[in-house]
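Structural characterization, general
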Amino acid sequence: MSNVDRQPEEVECGASANGPAPAAGVEVIQAREVPLGGPRAMTVRRTLPTHERSMIGAWCFADHYGPDEVDRSGGMNVPPHPHTGLQTVSWLFEGEIEHRDSAGVEAPVLPGEINLMSAGYGISHSEVSTSQTVRLHGVQLWLALPDRVRNAHNGFQHYAPPVVDLPDVHADGPGGTARVFIGELAGSTSPIVTATPLLGAEVILRPGARVALAVDPAFEHGVLLDTERLLVDGVPLAWGDLGYTAPGLGGLRLHNPTEQDARVILLGGVPFDEDIVMWWNFVGRTHDEIVEYREEWQARAARFGSVSGWRDDQYLPAPPLPTTRLKPRRRNPQ
């Protein structure tokens, strides 16, 4: 997915967290709504990056959308646009999206299956909801690549994780399920390869369920709520909220106090130890790199290739750069 804000903000993404989590242990980040361009814009809820927190591990971007009736929202229609220095992670709850990229990959994005695209040195791609899609609902996530691999070749990975049961700590039997699309959780391990240690999973809790998840204490974590209400270590989240926990916790306690299933996307990773500059669809390290990426995209340079089925005049133009120099955010110790 593209960040198609007409006036994208400069985002200075720190190598470590923006500051320590509050005493309760869970920092609640509320989403802001962003239209994905056009007169019938599909609206997404963005929780990364924000002024409160720019990254969770290498996770540097999180858009949460739907459930949207496509005949009302217009669905997803993002024409070819560029990326550098990142990986995109597409995960759907409902609907179907057609992915095409300049590496020649054409693949459907289907519910419960991860598509991970590595931009590396540079790539372009399009994302369009299919004609069969009635409702569109899911998340789009980005991962920052560390310096040692950020200019590597682009690539694509796909995986359909199995459903694993999660026991209810206060009742016999399962309290929910998980699909682990990156990393390891609850005895399930994903074969998806990432450049830094990470976790990504969809977790569903049954009504009233209480689940204790063993997690890597070296990771910081984010719990993105897709449904009405959830308690994370006793702290309430509302629909669209992202609950953040700092490194040092060996477990997360999730409680669904509602009478409906609760669904979350669980993200985790070791704190990213490099400062990055993220603007529009580019991840770099300096202002001058971002300027170069933008100029090459506008000139349709070989770095980004071409996407089949699209005319050159249909490609998404880059917005103007801000009038000030982009600079990385400095690290703030925990």
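In the block above lies the structure referred to throughout.
Note that this is a predicted model, so its numbers are computed, not measured.

The secondary structure content of the protein amounts to two helices and 27 strands. A total of 334 residues make up the protein; the buried ones form 57% of that total. For the protein, restricting intrachain contacts to residue pairs at least 6 apart in sequence, the fraction spanning at least 24 positions comes to 74%. Carbon and sulfur atoms form 50% of the exposed surface of the protein, whose accessible area is close to 13600 Å².

Strand order across the open sheet formed by four strands is S19-S24-S21-S22, with antiparallel pairing between neighbours. Across the chains shown, the open sheet's two edge strands, defined by having one partner strand only, are strand S19 (210-214) and strand S22 (235-238). Strand after strand, the sheet turns through a mean of 25° between neighbouring axes, direction not considered.

A few words on the pairing of strand S4 (residues 43-48). By the criterion of burial, S4 is predominantly enclosed, with five of the six residues buried. Where strand S3 (residues 32-35) lies against S4, four bridges are found, and the strand directions are antiparallel. Across the sheet, residue Arg32 finds its bridge partner in S4, namely Arg46. As defined by bridge partners, S4 adjoins strand S5 (residues 59-69) across four bridges and the pair is classed as antiparallel. Within S5, the position partnered with Val44 by the bridge is Tyr65.

Bringing helix H2 (residues 287-298) into the picture now. In this model, H2 (12 residues) spans 17 Å end to end at C-alpha, consistent with the 16 Å of a helix rising 1.5 Å per residue. For H2, the complete set of buried residues consists of His287, Glu289, Ile290, Val291, Tyr293, Arg294, Glu296 and Trp297. Taken together, the buried residues of H2 touch strand S6 (77-83), strand S11 (123-129), strand S26 (276-279) and strand S27 (282-284). Among the residues trailing H2, Arg300 stands out with phi positive, at a value near 55°.

So, how was this worked out
- Residues numbered from 1 in each chain as written.
- Predicted model: local features only at pLDDT ≥ 70, side-chain atom pairs only at ≥ 80, totals over all residues.
- Heavy atoms only, no water.
- Helix = DSSP H or I, 4+ residues; strand = E, 2+ residues; numbered from the N terminus.
- Buried < 20%, exposed > 50% of the residue type's maximum accessible area, 1.4 Å probe, protein only.
- Contact = heavy atoms within 4.5 Å.
- Areas by Shrake-Rupley, 256 points an atom, 1.4 Å probe, with all protein chains shown as cover.
- Pairing = 2+ DSSP bridges.
- Axes fitted to C-alpha atoms, helices over the stretch in contact; angles between N-to-C directions.
- Expected span 1.5 Å × (residues − 1).

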